Amino acid sequence: TGKFSNIEHKYHVDPRVLGRGHHGSVRECIDRAKCQRFAVKSMCKSDPAVIPAGLAREIRLLQEMKHVSIVQLVDVFEDAEYVHLVTDLCEGGELFDKIV
């Protein structure tokens, strides 16, 4: 993102991990001002699997996607170690488990 900011200033991030993927982990967070629940995907920038150009592309695509059936990107934060993507919180379990 090029600009460092502390996600904890705007959101309370729950330490419990909801899920893990190839590029990071997902936790619940709550907007401190609005008391709204969201998900936050945190990716370690030093992880060799995290490619900066790919991450920038993911952020750009999520910013452009505006559809009721697609998770919306709400916020982006970057600190010295991580990039955090705040999105809509989807509940109900793993999509893969529903498909198979």
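In this text the structure is predicted, and so the values were computed from the model without any measurement. (Residues numbered from 1 in each chain as written. Predicted model: local features only at pLDDT ≥ 70, side-chain atom pairs only at ≥ 80, totals over all residues. Heavy atoms only, no water.)

(A) Expanded view of the environment of methionine 43. Tracing the chain through its elements places methionine 43 in strand E3 (residues 37-44). Along the chain, methionine 43 and glycine 92 lie 49 residues apart, while their C-alpha atoms are 23 Å from each other. For methionine 43, the contacting residues outside a window of four places in its chain are His23, Gly24, Val50, Leu55, Glu81, Tyr82, Val83 and Leu85. (Helix = DSSP H or I, 4+ residues; strand = E, 2+ residues; numbered from the N terminus. Contact = heavy atoms within 4.5 Å.)

(B) Region of interest: the pairing of strand E1 (residues 11-20). Pairing analysis gives six bridges linking E1 to strand E2 (residues 25-31), with the strands arranged antiparallel. Note that in E2 the partner of tyrosine 11 across the bridge is aspartate 31. Following E1, the chain reverses through four residues before pairing antiparallel with E2. (Pairing = 2+ DSSP bridges.)

(C) Layout of the pattern of salt bridges. The final tally for this structure, using the stated rule, is seven salt bridges. Residue glutamate 58 pairs with lysine 41 through a salt bridge whose shortest N-O separation is 3.1 Å. Within this pair, whereas glutamate 58 is found in helix H1 (residues 52-64), its partner lysine 41 is found in strand E3, the two being separated by 17 residues in sequence. Classification of glutamate 58 by relative accessible area gives partly exposed; the value is 25%. (Salt bridge = Lys/Arg side-chain N within 4 Å of Asp/Glu carboxyl O. Buried < 20%, exposed > 50% of the residue type's maximum accessible area, 1.4 Å probe, protein only.)

(D) Highlighting the side chain of serine 25. For serine 25, the location among the structural elements is in strand E2. With relative accessibility at 12%, the residue serine 25 sits in the buried group.

(E) Representation of the sheet that holds E1. Ordered by their spatial adjacency, five strands build an open sheet running E1-E2-E3-E5-E4, and the pairing between neighbours is antiparallel. Edge positions in the sheet fall to E1 and strand E4 (73-78), since each has one partner strand and no second. If you compare each strand with its neighbour and ignore which way they point, the axes differ by 25° on average. The pairing of E2 with E3 spans six bridges and is classified as antiparallel. Counted as the bridge partner of valine 26 is lysine 41 from E3. This element, H1, spans E3, E4 and strand E5 (82-87) of the sheet and lies at about 20° to E5. (Axes fitted to C-alpha atoms, helices over the stretch in contact; angles between N-to-C directions.)

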